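# Architecture at a glance
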Amino acid sequence: MNIDELKSVANAIVAEQKGVLAADESNPTIQKRFASIQVESTEENRRRYREILFTAYGIEATVGGVILYDETLRQCSHEGVPFPQLLAERGIIPGIKVDQGAKALALYPGEKVTEGLDGLRARLAEYRQLGAQFAKWRAVIEIDEHDIPSPFGIRANAHALARYAALCQEAGLVPIVEPEVLMDGAHSIERCEAVTEQVLQTVFAELDAHRVVFEGMLLKPNMVIAGKLCPVQASVLEVAAATLRCLRRTVPAAVPGIVFLSGGQSAADATDHLNAMNAMEPQPWQVSFSYGRALQAPVLEAWLGQEDNVVAAQRALLNRCHLNGLARAGKYARSMENAA
Ligand code: 13P
């Protein structure tokens, strides 16, 4: 393992103004996204859509890395340039989602554990050859009104994340470690904070036990936020303060960057929350984004599967990237949404 190389890739992904475009939807997930705009999920439509994203002029100013899905990593632009090469030529680091989805955790009804460790060493070696320099694994933690998540459910997911992260570093790939506490449900922001704190504590204890080098990884957590159905929704400043408090208690300063997922927040909310955190006192790590829906929802709406809309779709992506780049420095304002 070359630690200096891992560190330099991790730092480049979260360089000033920059974050990650998560474009790693699995085929079932992209099918759902396309269905929302009445586009059929064929291999060519998926390729074309990703090509629109990756060739949007100017995104390299604020996009340090793009997460791809297995199929996408093997696809090419119209001119025949493989996507990882196309991105690298633009100064954007290509990455790959390597988990194989969250499945029911046996004997723990209502909880999930992420699969994909078997054979992962060989898959990582191939992905590296295909041009990936970092990887992503998502664990899913649901909150219910009773005793979910259980301590064991959290431990099982943290253990899998740490095994994945160690294999990535062994293979020379920067692991993005993503334990996502879901926004689904009616829980309060306080409950989200308590669960997120417990999850992150457990994840870092497992990463440490697995000898993962903190300097050569990135963390992709949820923000601390009330459940979607909770009648009391916290303000932007409350979300920012609770999220930073939780992270400062649990994430070692050696980790170069935090790249938040958007998790179902609106594009503007995700940007506003990120901005508020960066406008507070300086943090030990870069505080950045790795958004899927919060970057892509406006793009899908503008595109609608029509070639005539490609310019508008790319403009929508560039606008979101630009606003999140400003939020990286605490220089975004909600009023900028209307100016677009
Ligand atoms: P969202 O930002 O849409 O939550 O997606 C990020 C991601 O990569 C989920 O794994």
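Figured I'd write up the structure that's included with this text. (Residues numbered from 1 in each chain as written. Predicted model: local features only at pLDDT ≥ 70, side-chain atom pairs only at ≥ 80, totals over all residues. Heavy atoms only, no water.)

Our focus in this paragraph is the environment of Val98. Among the secondary structure elements, Val98 is positioned in the loop between strand S3 (93-97) and strand S4 (102-104). The class for Val98 is buried, based on a relative accessible area of 0%. With 87 residues separating them in the primary sequence, Val98 and Asn11 have C-alpha atoms 21 Å apart. With sequence-adjacent residues up to four places away left out, Val98 is seen in contact with Leu120, Arg123, Leu124, Tyr127, Ala135, Lys136, Trp137 and Tyr164. (Helix = DSSP H or I, 4+ residues; strand = E, 2+ residues; numbered from the N terminus. Buried < 20%, exposed > 50% of the residue type's maximum accessible area, 1.4 Å probe, protein only. Contact = heavy atoms within 4.5 Å.)

Here Asn275 lies in helix H10 (residues 267-279). Among the residues examined, Asn275 registers a relative accessible area of 8% and is labelled buried. Remark: the alpha-carbon pair of Asn275 and Arg334, spanning 59 residues in sequence, is separated by 9.8 Å. Ignoring sequence-local partners within four residues, the contact set of Asn275 consists of Leu326, Ala327, Gly330, Lys331 and Tyr332.

Moving on, we get to the pattern of salt bridges. Side-chain pairs of opposite charge can arise whenever the charged atoms involved come near each other. Within this structure, the stated rule accounts for 23 salt bridges. For Arg74, the salt bridge identified is with Glu126, shortest N-O distance 2.9 Å. Of this pair, Arg74 sits in the loop between helix H4 (70-73) and helix H5 (83-89) while Glu126 is found in helix H6 (residues 120-129), placing the two residues 52 residues apart along the sequence. Its relative accessible area of 34% is what places Glu126 among the partly exposed residues. (Salt bridge = Lys/Arg side-chain N within 4 Å of Asp/Glu carboxyl O.)

Think of an α-helix as 3.6 residues a turn; residues three or four steps apart then line up on the same face. Between its first and last C-alpha atoms helix H12 (residues 310-327) spans 26 Å; for 18 residues at 1.5 Å apiece the expected length is 26 Å, and the two agree. Within the span of H12, buried status applies to Val310, Ala313, Gln314, Ala316, Leu317, Arg320, Cys321, Leu323, Asn324, Gly325, Leu326 and Ala327. Check the buried side of H12 and you find it contacts helix H3 (43-54), strand S2 (63-68), H10, strand S10 (286-291), helix H11 (293-303) and helix H13 (336-339). (Expected span 1.5 Å × (residues − 1).)

Glancing now at the site of the ligand. The ligand sits among 13 residues. The nearest are Lys136, Lys220, Ser262, Gly263 and Arg293. Here Lys136 contributes a side-chain N or O atom positioned 2.5 Å from an oxygen atom of the ligand. Side-chain polar atom of Arg293 to an oxygen atom of the ligand: 2.7 Å apart, as the coordinates give it. Relative to its free-state accessible area of 300 Å², the ligand is covered by the protein chains to the extent of 91%. The cavity that encloses the ligand is the largest pocket. Those elements that provide at least two residues to the shell around the ligand are strand S6 (134-141) and S10. Within the shell around the ligand, the residues separate by chemical class into three nonpolar, four polar and six charged. (Near = heavy atom within 4 Å. Polar contact = N/O pair within 3.5 Å; in protein donor to acceptor, adjacent residues only side chain to side chain. Areas by Shrake-Rupley, 256 points an atom, 1.4 Å probe, with all protein chains shown as cover. 1 Å grid on protein atoms, 1.4 Å probe; cavity = no way out; pocket = protein on both sides within 12 Å on 5 of 7 lines; lining within 4 Å. Sits in = over half its atoms within 2 Å of the grid points. Nonpolar A, V, L, I, M, F, W, Y, C, P; charged D, E, K, R; others polar.)

It is worth spelling out the sheet that holds strand S7 (residues 174-181) at this point. The strands making up a sheet associate through hydrogen bonds between their backbones, and the pairing can be parallel or antiparallel. Strands sit in the order S1-S2-S3-S6-S7-S8-S9-S10 around a closed barrel of eight strands; the barrel is parallel. Pairing geometry for S2 and S3, over four bridges, is parallel. Paired with Leu68 across the two strands is Ile96, which belongs to S3. Against the sheet, helix H7 (residues 151-171) makes contact with S6 and S7, and its axis sits at roughly 175° relative to S6, the strand it touches most. (Pairing = 2+ DSSP bridges. Axes fitted to C-alpha atoms, helices over the stretch in contact; angles between N-to-C directions.)

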